[in-house]
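# Descriptive analysis of the structure
In case you want the letters, here they are:
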There are 2 protein chains.
Amino acid sequence: MNEFELIALLTRQLPANEIVVAGAGDDCAVLDFGNPERLFLFKTDATVEGTHFTQKTPPEKTGRKAMARCLSDVAAMAGWPSAAVATVGLPQGFDPAMIARIYNGMAAVAREFGVAIVGGETTTNPGGIFISIALLGTVARGRQVLRSGAKVGDAIFVTGELGGSLAGKHLDFEPRLAQARWLAEHFQIHAMMDLSDGLAGDLPHILKASGVGAELLKSAIPISQAAKSAAKKSIEGKQALLAALTDGEDFELLFTVAARDAVKLADAWKGRFPALRLSCIGRIVAGKKIFIRDKGGTRALNLSGYSHFNDKCFS
Amino acid sequence: MNEFELIALLTRQLPANEIVVAGAGDDCAVLDFGNPERLFLFKTDATVEGTHFTQKTPPEKTGRKAMARCLSDVAAMAGWPSAAVATVGLPQGFDPAMIARIYNGMAAVAREFGVAIVGGETTTNPGGIFISIALLGTVARGRQVLRSGAKVGDAIFVTGELGGSLAGKHLDFEPRLAQARWLAEHFQIHAMMDLSDGLAGDLPHILKASGVGAELLKSAIPISQAAKSAAKKSIEGKQALLAALTDGEDFELLFTVAARDAVKLADAWKGRFPALRLSCIGRIVAGKKIFIRDKGGTRALNLSGYSHFNDKCFS
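These figures come from a predicted structure and were not determined experimentally.

### Observations regarding the overall build of chain A
The helix and strand inventory of chain A stands at 9 helices and 13 strands. Against the compact-globule benchmark of 20 Å for 315 residues, chain A has a radius of gyration of 19 Å, which places it among compact chains. C-alpha atoms of chain A, sized along the principal axes, occupy 60 × 55 × 50 Å. Burial status across chain A gives 60% buried among its 315 residues. Summed over its atoms, the accessible surface of chain A is roughly 12,700 Å², and 51% of this surface lies on carbon and sulfur atoms. A distance of 6 Å separates the average location of the 35 positive side-chain charges in chain A from that of its 32 negative side-chain charges.

See the structure below:
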């Protein structure tokens, strides 16, 4: 048993109770406190020096990212974020002005999305800055979108453009809260998540939770300008498509919808969010695998996304 | 401006919204989501290697402590804990079996108090193990007990015995959830908190929030056997009373109640919780200061409790 299998085992044995609608394993936990209109969403995310930011990252952007990562998870459930608590672990001899700037970045994005910061603490952490944020939100009862609802035949959509996030977007991304709620209000979204570990790393989560496979259309995958530019400069020759499939921290929405709704959805999206690209990148198929199709034919995709343990975001 | 003043300033400027009944600064935040019967409690606490535990601490006890610290905060509001998320930052080369034991300790105490663990993550943290837990709970609407309600003339009570927690209790303490709810159900508790930084360090939080002072009766302060034993062995000559006043991590309840309720409360307590000592240690007075009274007279108390930044719990 390796460390990941161990952790997977641990999270299967966590205590539950009668309020849990969905526990660990989705973008947020879903909790039922008996409110007739709303369910609660609960999520935590850590943002760690050396993994998610460096000493060179402007501190406001570090704070913004720490909060926005949780907001993106609430978006993935089609929810409204409400209140956050934030813990910041600090090495000895930290600069108070820098911490103030981290808090300012955190507070600014919270304010932008109507989120209260209602607690937290600063504590020592010898190895560097460690930010842990927990976010509480709500979702209209019955409108929460899990990862487990994808059905064979569904169209697969992704917002925005993928890859190359390290060039800047990983700090500046917009949590897709308004878009996700609009989707869930107007369409029967079968499954949804936010992309943090790359399309090739994250799509398997939907597939596994739903017991299905997928076929992607190579030419339909939206590759960001940043990924294309990086590909041109890359001495290792990382192709732009590979970057779009495997780079982490896109924080775009990945979702599936019945094929019969796909065209209507794409059309309505253009009217509602004309500035944000939406791409139908393939379809859900039977089985477990991901296939990729181009003019040369269809072949199995076998890549793994950005891993939080093995790869540093910055090297 | 020193670092603590800066952080105090930062937390005063945090964003709020219409759901916040009480934000940062109490044992838990109190949130109103419109449920006619209940308010929500939200809290986070970090448990850090080298500060709250060492590499010699049995991992189950580390996990238990990390969760129990948050439970103690929900107790301090007279609430019910519901669901937690837990993030564990791990250094390179960690031992998976040790992490499993931390999770087991966390899960066991969560189960004991009916709390679901609904999410979290493991991530890298170069400097050591960093556990951040956020806990969501509820409290009967109107029955939440803040720090700000102490009134001149109130009797001051404390549960259990104080000091010497490092000898073992800091890992094994029982969150006083049942006791706190019983208190709030049967009496008008004016102010309450849990003791984490020592009586002399924590009582000022109630006094400041309530705009009052306190007079403690020296002979009434319940000194733990551990503090007495340590005092006998101490080469620095730390007196047992000083330990009871300043040692951290007692995790007992400190609360105030109108003087007219004090005897009735103490009598009822003996019937309900015969195994847990309850001590009336003094009274709330006008002003801002803490006085301590013994047979020699009354003098101002000027001590500061265990500080998370300046003192390590283990040295």
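On we go from here.
### Here we look at empty space enclosed by the protein
Using the criterion set out here, one finds 1 cavity of 30 Å³ or more in the structure. In this structure, the largest cavity occupies an estimated 40 Å³ of space. Around the largest cavity, the lining residues are A86, Y103, I117, G119, G120 and E121 of chain A together with T11 and L14 of chain B. The biggest single contributor to the lining of the largest cavity is strand β5 (residues 116-124) of chain A, with 4 residues. Looking at side-chain class alone, the lining of the largest cavity contains 4 nonpolar, 3 polar and 1 charged residues.

### A closer look at the relation of the copies chain B and chain A
For the pair chain B and chain A, the best superposition has an RMSD of 0.0 Å and corresponds to a rotation of 180° with a translation of 0.0 Å parallel to the axis. Both copies of the chain, as the preceding transformation shows, are related through a two-fold rotation axis. By C-alpha distance to the rotation axis, the residue of chain B lying nearest is G127 of chain B, at 1.8 Å. Looking at chain B, 100% of its interface residues are interface residues in chain A too, so the copies touch through the same face.

### Some thoughts on the interface of chain B and chain A
Taken residue by residue, the interface counts 66 residues in chain B and 66 residues in chain A. Contact between chain B and chain A buries roughly 5,500 Å² in total, counting both sides, with carbon and sulfur atoms accounting for 69%. Linking chain B with chain A are 0 salt bridges. Mapped by element, the contributors of at least two residues to the side of chain B that touches chain A are α1 (3-12), β2 (29-31), β3 (38-48), β4 (80-90), α3 (96-112), β5 (116-124) and β6 (130-140) of chain B. The element contributing the most residues to the side of chain B that touches chain A is β5 of chain B, with 9 residues. Taken together, the residues of the side of chain B that touches chain A sort by class into 38 nonpolar, 22 polar and 6 charged.

### Some words on the pattern of salt bridges
Residue and element names in this part refer to chain A. For the structure shown, the criterion picks out 30 salt bridges over all chains. Residue D294 is joined to K218 by a salt bridge in which the shortest nitrogen-to-oxygen separation is 3.6 Å. Highlighted residues: D294 in strand β12 (residues 290-294) and K218 in the loop between β9 (213-217) and α7 (225-233), separated in sequence by 76 residues. Among the residues examined, K218 registers a relative accessible area of 32% and is labelled partly exposed. Salt bridges linked by common partners bring D26, D27 and R147 together as one network.

### A look at the packing of helix α5 (residues 177-186) of chain B against helix α9 (residues 259-272) of chain B
All names here are of chain B. Where α5 contacts α9, the axes come no closer than 12 Å and their chain directions differ by 140°. In terms of orientation, α5 lies oblique with respect to α9. Remark: the crossing between α5 and α9 carries right-handed chirality. Between α5 and α9, the residues in contact are Q179, W182 and L183 and L265, A268, W269 and R272, respectively.

### Notes on the sheet that holds β5 of chain B
Residues and elements named next belong to chain B. Read from one edge to the other, the open sheet built from 6 strands follows the order β1-β2-β3-β6-β4-β5, with strand pairing classed as mixed. Each edge of the open sheet carries a strand with a single partner, namely β1 (20-22) and β5. Mean inter-strand twist for the sheet, computed between neighbouring axes without regard to direction, equals 20°. Two elements, β1 and β2, share 2 bridges in a ladder whose sense is antiparallel. The residue bridging V20 from the neighbouring strand is L31, located in β2.

### Quick look at the packing of helix α2 (residues 59-76) of chain B against α3 of chain B
Residue and element names in this part refer to chain B. For the pair α2 and α3, interaxial distance at closest approach is 6 Å and the crossing angle is 40°. Relative to α3, the element α2 lies oblique. Relative to α3, the crossing made by α2 is right-handed. Contacts between α2 and α3 involve P59, E60, G63, R64, M67, A68 and L71 from the former and M98, R101, I102, G105, M106, V109, A110 and E112 from the latter. The class makeup of the residues in the contact of α2 with α3 is 9 nonpolar, 2 polar and 4 charged.

### A short note on the packing of aromatic side chains
Residue and element names in this part refer to chain A. Taken as a whole, this structure holds 19 aromatic pairs over all chains when the rule is applied. With a centroid separation of 3.9 Å and an interplanar angle of 20°, the aromatic rings of F173 and F251 are classed as stacked. Here the residue F173 occupies a position in the loop between α4 (169-172) and α5 (177-186), and F251 occupies one in the loop between α8 (240-246) and β10 (253-257), the gap between them amounting to 78 residues. Here F173 falls in the buried class, since its relative accessible area comes to 2%. Look at F251 and you get buried, because its relative accessible area is 3%.

### Some details on the pairing of β9 of chain A
Residues and elements named next belong to chain A. Along β9, 4 of the 5 residues are buried, which leaves the element largely enclosed by surrounding structure. Judged from the 4 bridges that link them, β9 and strand β11 (residues 278-285) form a sheet pairing that is antiparallel. Residue pairing across strands places A214 opposite I284, the latter belonging to β11. By the bridge criterion, 4 bridges tie β9 to β12 in an arrangement that is parallel. Paired with L216 across the two strands is I292, which belongs to β12.

Conventions adopted
Residues numbered from 1 in each chain as written. Chains lettered and ligands numbered in written order. Predicted model: local features only at pLDDT ≥ 70, side-chain atom pairs only at ≥ 80, totals over all residues. Heavy atoms only, no water. Helix = DSSP H or I, 4+ residues; strand = E, 2+ residues; numbered from the N terminus. Rg over C-alpha atoms; globule rule 2.2 N^0.38 Å. Buried < 20%, exposed > 50% of the residue type's maximum accessible area, 1.4 Å probe, protein only. Areas by Shrake-Rupley, 256 points an atom, 1.4 Å probe, with all protein chains shown as cover. Lys, Arg positive; Asp, Glu negative; His and termini not counted. Charge placed at Lys NZ, Arg CZ, Asp CG, Glu CD. 1 Å grid on protein atoms, 1.4 Å probe; cavity = no way out; pocket = protein on both sides within 12 Å on 5 of 7 lines; lining within 4 Å. Points joined across faces, edges and corners; volume = space filled by probe spheres on them. Nonpolar A, V, L, I, M, F, W, Y, C, P; charged D, E, K, R; others polar. Least-squares fit on C-alpha atoms with pLDDT ≥ 70 in both. Contact = heavy atoms within 4.5 Å. Buried area = accessible area lost by both parts, 1.4 Å probe. Salt bridge = Lys/Arg side-chain N within 4 Å of Asp/Glu carboxyl O. Axes fitted to C-alpha atoms, helices over the stretch in contact; angles between N-to-C directions. Parallel < 35°, antiparallel > 145°, perpendicular 65-115°, else oblique. Left-handed = near helix turned anticlockwise from the far one by under 90°. Pairing = 2+ DSSP bridges. Phe/Tyr/Trp six-rings, centres within 6.5 Å; stacked < 30°, edge-to-face > 60°.

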